[in-house]
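Here is what each chain is made of, one letter per residue.
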Amino acid sequence: MHIYKYGPDNPWYMARRLLGESGWAPKYSADDIEVACRKLKDEGYLVPYKGALKKAVTSSVKPWLKVKAKELGHKPKGIYYDLTKEGRRIASQLYKDYKSEEDQKKAKK
């Protein structure tokens, strides 16, 4: 769902900003996320991302990371993952379900 919403990302960064969370200290284990990404890749839902990363600041990426990417002229080290067509279809449904649950929680308050 994170990759569906924010675009290609790597496990090290996802551990720190999964689903829009922010902070330098990892909230999740990068190793666990790496294992999950490899499993999803093996199942055909993720592929290693080979394209250029966005150069504009997004809500999931701190501005200094984008500035650094511009200075380097290429994406930072590490394997970035993106969704396959089937992965995008499943992530889309998960995201709709997630948003529906969030909306229901807000309605109850």
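Let us look at the structure shown here.

What counts as what
- Residues numbered from 1 in each chain as written.
- Predicted model: local features only at pLDDT ≥ 70, side-chain atom pairs only at ≥ 80, totals over all residues.
- Heavy atoms only, no water.
- Salt bridge = Lys/Arg side-chain N within 4 Å of Asp/Glu carboxyl O.
- Buried < 20%, exposed > 50% of the residue type's maximum accessible area, 1.4 Å probe, protein only.
- Helix = DSSP H or I, 4+ residues; strand = E, 2+ residues; numbered from the N terminus.
- Contact = heavy atoms within 4.5 Å.

## A short note on the pattern of salt bridges
- Enumeration according to the criterion identifies four salt bridges in this entry.
- For the salt bridge of D9 with R17, the shortest nitrogen-to-oxygen distance reads 2.5 Å. You'll find D9 and R17 in the same group, each marked buried.
- The partner of R89 in a salt bridge is E86, and the shortest N-O contact between them spans 2.5 Å. Residue R89 and its partner E86 are located together in helix α5 (residues 85-108), separated by three residues, close to a single helical turn.

## Here we look at the environment of P48
- Residue position: P48 is located in strand β1 (residues 46-48).
- For P48, a relative accessible area of 35% corresponds to the partly exposed category.
- Spatially, the C-alpha atoms of P48 and P8 are 8.9 Å apart, while their sequence positions differ by 40 residues.
- Those residues within four positions of P48 in sequence are excluded, and the remaining contacts are K41, I79, Y80 and Y81.

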